[in-house]
Amino acid sequence: MTLHRLSAPEIAEQLDLCFEVEFTFIDNTLIAQRIAQLEPEVQQQLLHTARRVAASHIQVAAQLCTNAITTIFAVSGGDHTAQQAQLLDSWADQVMDLYDRFGLAKSMQMVNDFDHFQRYQRQETVGVSLKEVEVRLLHFLNGLSGRKMKLAPAEGEHWSDSETIYLPSASLLLPQRELNRWLYSAIVVYHWAEARFSTFQPPLFARMMDASDHLLHLFESVNGLRLERLIQRYLPGQWRRMEQLRQAEGGGELSSDWTQVVRLLEEGDLSLQTALKVTEAWSRQLQPLPRPCYQGRLALSRVAATREKRIGEERAQFRVSFMDYRRQQSPPPAMAPERETGDEEEESDLQWSSEQAIATLPLQLRPTAESIIQDFGEIPPEYLTAAGPADYLLLQQKAREEDPGEVWGGTYHEEGAFLYDEWDHRRESYRKGWCAVRELEVEGVEDPFVEEALQRYQLEIRHLRKTFETFRNENRILKRQSSGDDLDLEALVEAQVDLRQGRELSDQLFIRTSRYERNIAVAFVVDMSGSTRGWINDAEREALLLMCEALQTLGDRYAIYGFSGVSRKRCDIYVIKRFEEGYGEAIRQRISGIRPQDYTRMGFAIRHINQILNQTGAKSRLMITLTDGKPDDYSDYHGEYGIEDTRKALLEARHLGIHAYCITIDEEAKSYLPRLYGPAAFTQIDDPRQLPYKITDIYRRLTSR
Amino acid sequence: MHEIEKHLITEEPYYSPVGEEIAIFEASYRNGLPVLLKGPTGCGKSRFMEYMAWRLQRPLITVSCHDDLSTSDLVGRFLIRGGETVWIDGPLALAVKVGAICYLDEVVEARKDTLVVIHPLADDRRLLPIEKLGQILEAPPEFALAVSYNPGYQSLLKDLKQSTRQRFVALEFNYPEAMHEAEIVVRESGVDLPLAQQLVSFAGMTRNLKGSGLDEGASTRLLVHAAKLIQSGIAPTVASQCAIAQALTDDPEMMPAIFELADSVF
């Protein structure tokens, strides 16, 4: 189909709508005139891009269109090539990504600096972005021994605080893509080695904290050589790659003085002490070496701050766990510092600095012990004495700090939350890590609700138990099998007849009992939005109670989660019953404690439950959602946006092999639920009071064979 | 008796003890107590059983359990032969009759109702009822029952019932210490010690990943496989990729990370 060229007024009309000029007062006349001169394909693409970007921010979209005309489509004649189209798409993606992550200023910067974007584009061909390799790098880092470290994006150069390695968002320094990929691994290995091979131990801070820049940079070079030799010893393959990286960036041979330094380091068994001694002794003769691309600057003050926090926590943790362990042991383990016993063997076990010493500790203590040894080179003797009240206090404080409920006490932040993507149908892409999801426990409530409900439904419960009982352990007898537990007499008689008549004897003469094992995991996802207040909330709670009573008989694995939230930063999953928890008084009280909360943002809940269901390993995984209305949230999660995101989340569920079913009391459900769940995967109930009866019935129907 | 001779182990299998497992097994055997071997896959449970069977000079009958395993598969069943029904003993009945060691490998894979048949055999009665024949076999003192399972990857579904597990003497197995494991790799494959140590160090890295992306780290068995490939002329990195990394996971993000760990070590 050939497209017709749009006139300026036609374009202006579309842009007015897209940029909401009624409110924004953006003057589209000039842009429309310029777009009118372009080829029809370009016109369509620009308008489409304008709509996509305007979904994030209207000003950004308007500016991007203006700039695209003067840059990408500036060539006279305006030949619309696939390359131009791709360029515009990736410019728009990049800008939207920056807007999501850093806000308006950064994204406008990218919109206004086409050269910067083009440089970025050119580097795309040889560069590697952190996003591409992040997961792989994290697995790689986890595989290396020692303290578990984390990865995070750095704003500038790469560095480490001894717990987290901060990496640049792209690696572009080297001329080939493969080398840039290696560079990321080399940076990770280098910073890992810094922490692993005892760089950050007390003597470093004592001697370098207030040292001159020259001395500190010289130490960086000496320590760099020490770490490289250690990497060569423990990870020879990685060291060879580092050599290649150095050559690729034009690194030369070491001078004779520096070769002498390496020799001294090796004679001193590559220890930190030797590196410090050599640095101080040679500080007048030597100038720091140029830093190889994988070596970062030492951020001493930041390492010291992280270390101080960690040491307090780990000391408390180690002392408390070690004392617990000793109490359980009889007699106490040999590695306790009972020097006064004078036992030769015990003395030799006190060599904490060696890896063997760690190996003698119980498994749960080893990671902390490893981390402590990285900080001190040994387990300091005071760590092995009885834990004082201060340690317990510190642990309690730490537990309080990590209480997910507390996070919302101050400003919103995402620390420790699960981050889930959200689908933006207008942009036709996911917003990365958009929803900050936290699991909160529902407080159990001791009130007469449970008792009253069980009383009211006692007849139904008895009936349900009976029906579910027959439903359990379906034994099927398979006749005429080639092997089995018993002879199939009927088949045997027929076979004898066949045999007498000279026909071939069948081998299918056995009966086999096949027991159909219900390998089902079901998650009930309950809408806890504010609109469920009153009757609906009561009906939901009653329905869940009845369901639990019935499922007890059936033995299927089940979990119950509630969801609600205010905006993407506060998406709450309420844990009512986890899969591994047994049904009992505590769960009944939690069901009773279900209270209406805020809004119905639904996508994150489905995505989170997807993950949980996926971990159960059950053959059939089922997600049953109880809701009273369509997805809807406080700020942006209205109408089509919410429906489309929920639909995408449900498609993800289907992709994972999870069956999703919805029970709703929304009278308008038929207008949107078929699009979400498919025509046959939801039930609309007119009266909430019917819910307890319906849910068990639906469950039975869904899970029978 | 001819049939059972196939199950006798004539040559001493290589087994390097980690703790007191040999003494404990022998003591259990003398007292007629069944044994439960717990441990991750490929850490030497089955080899230990072969070694003990050789040491005690008893035939070893191994049954690999699966979720279709029925009681008849263990005890025996009628078959049709030449127009007549004949009873054929299952491996468990055979082991009881001849006083062999019966080893049920990965016992949790079997259905819970199937396992009930070993209950009278695994307590002080030491009896095996054969319902279809109306017989009850009494186990001779030479008979021993051993089962194994891997507690590491058990889902909620697959766990031993308390009534089953509380009949056994339990022996816990784990991967040997680094040096010991390297010696085992040398002995099993013939590679030199430094290379075996590198392989063990690589295995350690994959074991660090257990729980953060991998269900299990590399077993000693996989190390021996890789070492054998290396001994036959395959490059160490390639051998580690094929025999270890690929065997551990299919995850498209995890696999390159493990490849890279292998590249770093060799």
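Residues numbered from 1 in each chain as written. Chains lettered and ligands numbered in written order. Predicted model: local features only at pLDDT ≥ 70, side-chain atom pairs only at ≥ 80, totals over all residues. Heavy atoms only, no water.

When helices and strands are tallied, chain A shows 29 helices and 16 strands. Sorting the 705 residues of chain A into buried and exposed places 51% on the buried side. Put simply, of all contacts in chain A between residues at least 6 apart along the chain, 73% involve residues at least 24 apart. (Helix = DSSP H or I, 4+ residues; strand = E, 2+ residues; numbered from the N terminus. Buried < 20%, exposed > 50% of the residue type's maximum accessible area, 1.4 Å probe, protein only. Contact = heavy atoms within 4.5 Å.)

This part takes up helix 11 (residues 236-248) of chain B. Residues and elements named next belong to chain B. Taking 1.5 Å as the rise per residue, helix 11 with 13 residues should run 18 Å; its terminal C-alpha atoms sit 17 Å apart, in good agreement. Cysteine 242 marks where helix 11 bends most, by close to 30 degrees. Listed in full, the buried residues belonging to helix 11 are Ala239, Ser240, Ala243, Ile244, Ala245 and Leu248. Those residues of helix 11 that are buried are in contact with helix 9 (193-208), helix 10 (220-231) and helix 12 (254-265). (Expected span 1.5 Å × (residues − 1). Bend = angle between axes of the 7 residues up to and from the residue.)

What follows concerns unusual backbone geometry. Residue and element names in this part refer to chain A. Its identity as a non-glycine residue notwithstanding, serine 162 has a phi of 80 degrees, on the positive side. As for its position among the elements, serine 162 is in the loop between strand 3 (159-160) and strand 4 (164-167). Since its relative accessible area comes to 0%, serine 162 is described here as buried. Backbone geometry places leucine 270, a non-glycine residue, at a positive phi of 55 degrees. Position of leucine 270 relative to the elements: it lies in the loop between helix 14 (256-267) and helix 15 (272-281). According to the relative accessible area criterion, leucine 270 is buried, its value standing at 3%.

Time to look at helix 10 of chain B. Residue and element names in this part refer to chain B. Across its 12 residues, helix 10 extends 16 Å between first and last C-alpha, which sits within 8% of the 16 Å expected from 1.5 Å per residue. Those residues of helix 10 lying buried are Thr220, Leu222, Leu223, Val224, Ala226, Ala227 and Ile230. Tucked inside the fold, the buried residues of helix 10 contact helix 8 (178-189), helix 9 and helix 11. Following helix 10 by one or two positions, glycine 233 adopts a phi angle in the positive range, close to 100 degrees.

The next subject is the interface of chain B and chain A. Between chain B and chain A, the residue contacts involve 30 residues of the former and 29 residues of the latter. Each partner contributes to the roughly 2,700 Å² buried at the junction of chain B and chain A, and carbon and sulfur atoms together form 56% of this total. When the shortest N-O distance is used, the salt bridge between A:Arg241 and B:Asp263 registers 3.0 Å. Here chain B and chain A share 11 residue pairs in polar contact (both at pLDDT 80 or more) between them. Those elements that place two or more of their residues in the side of chain B that touches chain A are strand 3 (76-81), helix 9 and helix 12 of chain B. The biggest single contributor to the side of chain B that touches chain A is helix 12 of chain B, with eight residues. By residue class, the composition of the side of chain B that touches chain A is 13 nonpolar, nine polar and eight charged. (Buried area = accessible area lost by both parts, 1.4 Å probe. Salt bridge = Lys/Arg side-chain N within 4 Å of Asp/Glu carboxyl O. Polar contact = N/O pair within 3.5 Å; in protein donor to acceptor, adjacent residues only side chain to side chain. Nonpolar A, V, L, I, M, F, W, Y, C, P; charged D, E, K, R; others polar.)

We now examine the confidence of the model for chain B. Averaged over every residue, the pLDDT of chain B is 89; residues scoring 70 or more account for 96%. Within chain B, helix 2 (residues 21-30) of chain B carries the highest mean pLDDT (96), whereas helix 1 (residues 2-5) of chain B carries the lowest (72). (pLDDT = per-residue confidence, 0-100.)

All names here are of chain B. Where helix 2 contacts helix 3 (residues 45-56), the axes come no closer than 11 Å and their chain directions differ by 55 degrees. Considering the angle they form, helix 2 stands oblique to helix 3. Relative to helix 3, the crossing made by helix 2 is right-handed. Only Phe48, Met49, Tyr51, Met52, Arg55 and Leu56 of helix 3 make contact with helix 2, whose side of the interface consists of Glu21, Ile22, Phe25, Glu26 and Tyr29. A breakdown of the residues in the contact of helix 2 with helix 3 according to their chemical character gives eight nonpolar, no polar and three charged. (Axes fitted to C-alpha atoms, helices over the stretch in contact; angles between N-to-C directions. Parallel < 35°, antiparallel > 145°, perpendicular 65-115°, else oblique. Left-handed = near helix turned anticlockwise from the far one by under 90°.)

Turning next to the sheet that holds strand 6 (residues 418-424) of chain A. Residues and elements named next belong to chain A. Strand order in the open sheet formed by eight strands is 6-7-13-12-11-14-15-16, with mixed pairing between adjacent strands. At either margin of the open sheet sits one strand with a lone partner, and together these are strand 6 and strand 16 (682-684). For this sheet, the mean angle separating the axes of adjacent strands, direction not counted, is 25 degrees. Looking at chain direction, strand 7 (residues 429-441) and strand 13 (residues 570-577) are connected through five bridges and run parallel. What sits directly across from valine 437, in strand 13, is cysteine 571. Of the strands in this sheet, strand 11 (520-527), strand 12 (557-566) and strand 14 (620-627) touch helix 24 (residues 535-554), which is tilted by about 170 degrees from strand 11. (Pairing = 2+ DSSP bridges.)

The subject of this paragraph is the packing of aromatic side chains. As enumerated under the stated definition, the model contains 14 aromatic pairs over all chains in all. Taken together, the ring pairs connect B:Tyr15, B:Phe25, B:Phe48, B:Tyr51, B:Trp54 and B:Phe173 into an aromatic cluster. When the ring centre of A:Phe449 is taken as origin, the NZ or CZ atom of A:Arg541, which lies over that ring, is 4.0 Å away. If you follow A:Lys577 out to its NZ or CZ, it ends over the ring of A:Tyr558, 4.1 Å from the centre. (Phe/Tyr/Trp six-rings, centres within 6.5 Å; stacked < 30°, edge-to-face > 60°. Lys NZ or Arg CZ within 6 Å of the ring centre and 35° of its normal.)

All names here are of chain A. When strand 2 (residues 150-153) meets strand 4, the two strands line up parallel, connected through four bridges. From the neighbouring strand, alanine 152 faces strand 4, where its bridge partner is tyrosine 166. The sheet contact formed by strand 3 and strand 4 spans two bridges and is antiparallel. Within the sheet, the bridge partner assigned to tryptophan 159 lies in strand 4 and is tyrosine 166. In this structure, the hairpin formed by strand 3 and strand 4 is closed by a connection of three residues, where serine 162 is found at a positive phi of approximately 80 degrees.

Residues and elements named next belong to chain A. Overall, mixed pairing links the three strands, which are arranged 2-4-3 in an open sheet. At either end of the open sheet lies a strand with only one pairing partner, and these are strand 2 and strand 3. Sheet strands in contact with helix 10 (residues 177-196) are strand 2, strand 3 and strand 4, and its direction is about 150 degrees off that of strand 4.

Time to look at the environment of A:Ala417. Residue and element names in this part refer to chain A. With respect to the helices and strands, the residue alanine 417 is situated in the loop between helix 20 (389-401) and strand 6. On a C-alpha basis, the gap between alanine 417 and cysteine 571 in space is 9.4 Å, while along the polypeptide they are 154 residues apart. Ignoring anything within four residues of it in the chain, the contact list for alanine 417 reads Ala436, Val437 and Arg438.

Our next topic: the confidence of the model for chain A. Residue and element names in this part refer to chain A. Residues at a pLDDT of 70 or more form 86% of chain A, whose mean pLDDT is 81. The weakest mean pLDDT in chain A belongs to helix 17 (residues 344-349) at 36; the strongest belongs to helix 12 (residues 213-234) at 93. Counted against residues more than four places away or in other chains, residues 332-354, with its pLDDT under 50, gives 31 contacts. When the criterion is pLDDT under 50, residues 404-412 qualifies, and its contacts beyond four places in sequence or with other chains add up to 13 contacts.

So, about the environment of A:Phe114. All names here are of chain A. Along the polypeptide, phenylalanine 114 turns up in helix 8 (residues 114-126). Classification of phenylalanine 114 by relative accessible area gives buried; the value is 12%. Note: C-alpha distance between phenylalanine 114 and tryptophan 91 (23 residues apart in sequence) is 8.8 Å.

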